[in-house]
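A closer look at the structure
Given next are the chains, with one letter for each unit.
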Amino acid sequence: MATTNPKTNNDPEKDNKDELRKRQMNFGLSYFFAALIGMWLFQQFILTPLLIQEMEIPYSEFKTKIKSGEIIEVTLGDERIIGLMKDSTSSSAQDQPVAFTTVAVPGGDPTLIEELDKAGVKYGVREPASPIGNFLLAYILPLAFIGGIWYLGYRQMARGGLGGVMGVGKSKATEVKPEEINVTYQDVGGADEAIEELREIIQFLKQPESFAKLGGRIPKGVLLVGPPGTGKTLLAKATAGEARVAFFETSGSEFVEMFVGVGAARVRDLFEQARKAAPAIVFIDEIDAIGQSRAGAVRLGGNDEREQTLNQLLAEIDGFRSDAGKPVIIMAATNRPEILDPALLRAGRFDRQVTVSAPDLTGRLQILRIHSKKIKLAADFDLERAARITPGFTGADLANVINEAALMAARRNGNDVTMTDFEAAIERVVAGLEKKSRVMNDQERTTVAYHESGHALVAVLVPHGDPVAKVSIVPRGRGALGYTLQMPTEDRYLLTRDELEDRLAVMLGGRAAEQVIFNKISTGASDDIKRATELARRMVTEFGMSEKLGTVAYSTRQYQFLEGSEDGVNASPETLKAIDEEVQRIVTEQYQRAQQLLRDHRDALERLTHQLLVTETIDGTAVRQALAA
Ligand code: ADP
Ligand code: MG
Ligand code: ZN
């Protein structure tokens, strides 16, 4: 975006405020037009027919009808004469009088009274209509009416519980009745520790009295903390399923609205519903949307609104205590606990935090078992191997892979899902869909082939490299031109410096190959470099792996599963400089090491690249053979 004044443009808060103001103004304008139209409709269809519903006849006809005795009674006005006459149009026997009206002659008809007397017509005179009265009736009344509705609506909206008028104050949470919940802890894999912690909640929901008797403090809020797709929503629902209580599911973003008070009204409504259905679990996904620390700088929507919503939530949580017999437990999920308002985490609120992390090998095996129940696996399908080659996958990823595998099997008209389907599904999930249609020119293809061969060879050459499963130069989605798939044989929790250095060398192997072969480098390695730099930085600031800086943790990163989250570094400017230098040194050393390895095995590099260019995809054995030859 080209802009002369980047400062004003980069201020998100200002943008948000402008947006808010614009929306409010739009609202005001559209309301104004709606009111105008409403007024017109009111006059046209309610007021006018109300006043003039009689048949209009010419004055002359009126006079004739007086003479013929058809007029029954009249009311004389300055401008109009209205009255009842016999119905001359219908020839039916019953003489239903009809209302009529006629326009009075200007200045009055001098003989009219006389004629009426003569015909024996009942007559009276209407009070002259006051112009003010007319005006009031036609304009002020409907305006007052519409204004009144607006005012009422607005006040209700601000106070909450609007329900009747537009339903904005109603909670959008979906309620699932206890008997409708079809998940239990049997359906959650690899979360044994989290489940252990949640069992207490179940016990409390089932027998609140026993808790109260012992005087123990009743748990109220449980915060599930973990990366997306690890099964937080699933766990919350399964907890309701185990306890056989009602489950209310909603998301924090549903409480974030333009009007002050709407969010708070929704919170109130949600808890009202939950209390009616108690015992119940209220689940708020992505609670950071409302629970963001009030000290934070950038906010979407109005601050007042957010604050009111948060306050209402706190008030509701605090308010549970009284009803020990009908407990409501509030569960919430977030992947950014560090930005939550401290008030939420205080004792008696979300004082229980349950961490849900990506599953380990056994966890993955459990999850794969759960999700493969629904599909037909081949007799020789090795679930354990499947779990082994999917490190870092979350429950949602695994569910996705299983599903993809089943689709693969269906596509080739297979009878059951084989290991090959599963491996293909992993690739698909990891690297996105193959984009065979994308054309690379020969120069590009060659560069990518050397690059990937570089990764693969270094991975095989370093002592602690993870085995290479597959190398490919078929372009995939997500911007990858090629990839090298390494499949670790086990999950690793402790890594030595040697192992980390090997990883760095493998990451930089692609760029190193380009350097060795062409003596020039391309843009294709930016992601590699970024990852390598991040790893090196963590080695220095978190793992204390630099002699120069010593065994000191400089990073203030708290939640380690948050890859690449905003992590601060606590250090003086000199130390920061030293850190940068160390990071640079480590990366450079490994880059040079990778280059040296590839120079030493240049034949293998050429062979591998050639083979890749021919077949586009090769497996790990071919890499090792290229080296052996
Ligand atoms: P989160 O709320 O943490 O983002 P979800 O609960 O929405 O994750 O997970 C999405 C889906 O992934 C679930 O419906 C389930 O099918 C699958 N899944 C995730 N974690 C697990 C798990 N631990 N065990 C079994 N299935 C899981
Ligand atoms: Mg979820
Ligand atoms: Zn690369």
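Our structure's up above, just so we're on the same page.
As the structure is a prediction and not an experimental result, all values here were calculated from the model.

1. Comments concerning the coordination of the zinc ion (ligand 3)
In this structure, His-451 (NE2), His-455 (NE2) and Asp-528 (OD) serve as the protein donors to the zinc ion (ligand 3), at separations of 2.0 to 2.1 Å. Site description for the zinc ion (ligand 3): donor spacing in sequence, H-x3-H-x72-D. Pair noted here: His-455 is in helix α17 (residues 442-461) and Asp-528 is in helix α19 (residues 526-541), with a separation of 73 residues, a long-range link.

2. Topic: helix α18 (residues 497-518)
Across its 22 residues, α18 extends 31 Å between first and last C-alpha, which sits within 8% of the 32 Å expected from 1.5 Å per residue. Where α18 bends most, at Gly-509, the angle is about 50 degrees. Along α18, 17 of the 22 residues are buried, which leaves the element largely enclosed by surrounding structure. Downstream of α18 by a residue or two, Asn-519 has a phi angle that is positive, lying close to 55 degrees.

3. Looking at empty space enclosed by the protein
Under the definition given, this model contains one cavity of 30 Å³ or more. A volume near 30 Å³ is recorded for the largest cavity. Around the largest cavity, the lining residues are Gly-189, Gly-190, Ala-191, Thr-230, Val-356, Ser-357, Pro-359 and Ile-367. Here the residues of the lining of the largest cavity are counted per class, giving four nonpolar, four polar and no charged.

4. Side note on the packing of helix α13 (residues 361-372) against helix α15 (residues 395-411)
Their axes nearest at 9 Å, the elements α13 and α15 cross at an angle of 45 degrees. Between α13 and α15, the interaxial angle falls into the category oblique. Judged by the twist between their axes, the crossing of α13 over α15 is right-handed. Of the residues in α15, those in contact with Arg-364, Ile-367, Leu-368, His-371 and Ser-372 of α13 are Gly-395, Leu-398, Ala-399 and Ile-402. For the contact of α13 with α15, the per-class residue count stands at five nonpolar, three polar and one charged.

5. As for the site of ligand 1
Contacts to ligand 1 come from 14 residues, most closely from Gly-189, Gly-229, Lys-232, Thr-233 and His-371. Within the contact set of ligand 1, a nitrogen atom lies 2.8 Å away from a backbone nitrogen or oxygen of Gly-189. Between a nitrogen atom of ligand 1 and a side-chain N or O atom of His-371, the distance comes to 2.8 Å. Coverage of ligand 1 by the protein amounts to 77% of the 550 Å² it exposes when considered alone. Going through the elements one at a time, α8 (232-243), α13 and α15 are the ones with two or more residues in the shell around ligand 1.

6. Things to note about the sheet that holds strand β13 (residues 483-486)
As summarised here, the arrangement of the three strands in space is β13-β12-β14, forming an open sheet in which the pairing is antiparallel. Two strands in the sheet have a free side with no partner beyond their single neighbour: β13 and β14 (617-619). Between one strand and the next, the sheet's axes are offset by a mean angle of 10 degrees, whatever the strand orientation. As defined by bridge partners, strand β12 (residues 468-472) adjoins β14 across three bridges and the pair is classed as antiparallel. The residue of β14 that forms the bridge with Lys-470 is Asp-619. Against the sheet, α17 touches β12 and β13, its axis set at about 165 degrees to β12.

Each value, and the rule that gives it
Residues numbered from 1 in each chain as written. Chains lettered and ligands numbered in written order. Predicted model: local features only at pLDDT ≥ 70, side-chain atom pairs only at ≥ 80, totals over all residues. Heavy atoms only, no water. Donors = N, O, S within 2.8 Å, 3.2 Å for Na, K, Ca; no water. Helix = DSSP H or I, 4+ residues; strand = E, 2+ residues; numbered from the N terminus. Expected span 1.5 Å × (residues − 1). Bend = angle between axes of the 7 residues up to and from the residue. Buried < 20%, exposed > 50% of the residue type's maximum accessible area, 1.4 Å probe, protein only. 1 Å grid on protein atoms, 1.4 Å probe; cavity = no way out; pocket = protein on both sides within 12 Å on 5 of 7 lines; lining within 4 Å. Points joined across faces, edges and corners; volume = space filled by probe spheres on them. Nonpolar A, V, L, I, M, F, W, Y, C, P; charged D, E, K, R; others polar. Axes fitted to C-alpha atoms, helices over the stretch in contact; angles between N-to-C directions. Parallel < 35°, antiparallel > 145°, perpendicular 65-115°, else oblique. Left-handed = near helix turned anticlockwise from the far one by under 90°. Contact = heavy atoms within 4.5 Å. Near = heavy atom within 4 Å. Polar contact = N/O pair within 3.5 Å; in protein donor to acceptor, adjacent residues only side chain to side chain. Areas by Shrake-Rupley, 256 points an atom, 1.4 Å probe, with all protein chains shown as cover. Pairing = 2+ DSSP bridges.

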